[in-house]
Amino acid sequence: MLDDADDIHPLFYGAPKTTEFKKLRKRIVQNAREAIEHYGMIERDAAETPKWLVCLSGGKDSYTLLAVLHELKWRGLLPVELLACNLDQGQPGFPATVLPQFLEKMGVPHRIEYQNTYSIVVDKVPAGRTFCALCSRLRRGNLYRIAREEGCSAVVLGHHRDDILETFFMNLFHGGRLATMPPKLVNEDGDLFVYRPLAHVAEADCEKFATAMRYPIIPCDLCGSQDGLQRQQVKAILDGWEKNSPGRRQVMFRALTNARPSHLLDSDLFDFKSLFTKSVEIEENPRDIPRLR
């Protein structure tokens, strides 16, 4: 049973009282908690209370992330300190006052950082090319710096289940590899974690939640204004599959959690040659033994 409005974090004030919304909220919170626990995002052996830098873009996903993390913290299920952070990248027309005012009203500790990476991106990227790669790289570098300055152990991002699926198919179709966004990783310097607590949450749930809460959504006019992006094409394919076979996205996502190296073709993951030597010991798990079909 969800709590009354005067008993919860301000991020949930004014939440709809409908049964449908309560189920939606409960589902998102449970999915996030499941991902946090399953992928070991809580640093339980830390000498001090961990501090997370929660990245807030102003989109539906990051608002959902912020609200859910504060709900888990409020319920005593997330023993970490949360610091919301927005990186203002200098995009023309960006409503710079929206997020600071929202976060102050909600009583959320935050840091607003201005770095004009927009000018760098439009200057460096050739005409007709997409901005995403360079924009993401510059944004990530700044967020890592801010996390270090604030004493944070982790940078927390709002990527959801559908982002992870789309990235997998982009790598499959365009990169020639089986890879996607991991829910947890360590940065290249080895001093920061990167977490994606919404890894199990559907994009549609994020959209319904943020819309119902009337959060002030800020569109990305940099990448969102470009046509023909590979991610948009992949998203359209997945939308088509989902329309023809409801639930297909969740089945495909479940496949990412159920990999069988012995039934793929990567010899760095599975030693196929040793199966033909007498000295090798067959593993007990039958899933790791290729068989003729």
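Definitions and cut-offs
Residues numbered from 1 in each chain as written. Predicted model: local features only at pLDDT ≥ 70, side-chain atom pairs only at ≥ 80, totals over all residues. Heavy atoms only, no water. Salt bridge = Lys/Arg side-chain N within 4 Å of Asp/Glu carboxyl O. Helix = DSSP H or I, 4+ residues; strand = E, 2+ residues; numbered from the N terminus. Buried < 20%, exposed > 50% of the residue type's maximum accessible area, 1.4 Å probe, protein only. Disulfide = S-S within 2.5 Å. Axes fitted to C-alpha atoms, helices over the stretch in contact; angles between N-to-C directions. Contact = heavy atoms within 4.5 Å. Nonpolar A, V, L, I, M, F, W, Y, C, P; charged D, E, K, R; others polar. Patch = residues over 30% accessible without salt bridge, like charges linked within 9 Å, V, L, I, M, F, W, Y side chains within 5 Å. Areas by Shrake-Rupley, 256 points an atom, 1.4 Å probe, with all protein chains shown as cover. Pairing = 2+ DSSP bridges. Right-handed = clockwise from strand over helix to strand, strands pointing away.

Peer 1: Which residues make up the pattern of salt bridges, and what are the values?
Peer 2: If you walk through the whole model with that rule in mind, you get 20 salt bridges. Linking Arg145 and Glu113 is a salt bridge whose minimum nitrogen-to-oxygen distance equals 2.9 Å. Separated by 32 residues along the polypeptide, Arg145 in helix H5 (residues 132–149) and Glu113 in strand E3 (residues 110–114) bring together distant segments of the chain. Judged by relative accessible area, Arg145 falls into the partly exposed class, the value being 26%. Residue Glu113 is classed as buried on the basis of its relative accessible area, which comes to 10%. Two residues, Glu166 and Lys235, come together in a salt bridge whose shortest N-O distance is 3.5 Å. Here Glu166, found in helix H6 (residues 161–175), pairs with Lys235, found in helix H8 (residues 230–244); they are 69 residues apart in sequence, far enough to count as distant. Looking at Lys235, the relative accessible area reads 26%, which means it is partly exposed. Salt bridges here are not isolated pairs; linked through shared partners, they connect Lys51, Arg111, Glu113, Arg145, Glu149 and Glu150.

Peer 1: I'd like a description of the state of the cysteines, backed by residues and values.
Peer 2: Evaluated as defined, the whole model comprises zero disulfides. Among the cysteines around Cys55, which has no disulfide bond, Cys85 carries the closest sulfur, lying 6.0 Å off. For Cys85, a relative accessible area of 1% corresponds to the buried category.

Peer 1: Run through the packing of H8 against helix H9 (residues 248–256), naming residues and quoting values.
Peer 2: Put simply, H8 and H9 touch, their axes get as near as 8 Å, and they point 115° apart. Along the contact surface, H8 presents Lys235, Leu238, Asp239, Trp241 and Glu242, while H9 presents Arg248, Arg249 and Met252. Considering only residue class, the contact of H8 with H9 consists of three nonpolar, no polar and five charged.

Peer 1: I'd like a description of the environment of Pro50, backed by residues and values.
Peer 2: Mapped onto the secondary structure, Pro50 falls in the loop between helix H1 (19–38) and strand E1 (51–55). For Pro50, a relative accessible area of 8% puts it in the buried group. The spacing of Pro50 and Ser153 is 103 residues in sequence and 6.2 Å in space, taken between C-alpha atoms. Beyond its immediate sequence surroundings of up to four residues, Pro50 is in contact with Glu43, Pro79, Val80, Glu81 and Ser153.

Peer 1: Kindly report on a nonpolar patch on the surface, identifying the contributing residues and their values.
Peer 2: Among the surface-exposed residues, Leu172, Phe173, Leu178, Ile237, Trp241 and Leu264 lie close enough to one another that they form a single nonpolar patch of about 520 Å² accessible area. Elements with a minimum of two residues in the nonpolar patch: H6 and H8. Structurally, Leu172 can be placed in helix H6.

Peer 1: Go over the sheet that holds E3 with me, naming the residues and quoting the values.
Peer 2: With mixed pairing, six strands are arranged side by side in an open sheet as E3-E2-E1-E4-E6-E5. Taken across any chain shown, the strands that pair with only one partner, and hence form the sheet edges, are E3 and strand E5 (184–186). Neighbour-to-neighbour, the strand axes of the sheet open up by a mean angle of 25°, direction not taken into account. Here helix H3 (residues 98–106) sits on the sheet and contacts strand E2 (81–88) and E3; the angle it forms with E3, its principal contact strand, is near 170°.

Peer 1: How would you explain the pairing of E1 if you had to name every residue and give the values?
Peer 2: Within E1, five of the five residues are buried, which leaves the element mostly enclosed by the surrounding structure. Here E1 shows no split at all, with Lys51, Leu53 and Cys55 on one side and Trp52 and Val54 on the other all buried. A crossover connection joins E1 to the parallel E2 through helix H2 (residues 60–74); in handedness this β-α-β unit is right-handed. Two strands pair when backbone bridges link them, and E1 and strand E4 (residues 154–156) are joined in this way by three bridges, in the parallel orientation. Bridging from a neighbouring strand, Trp52 pairs with Ala154 of E4.

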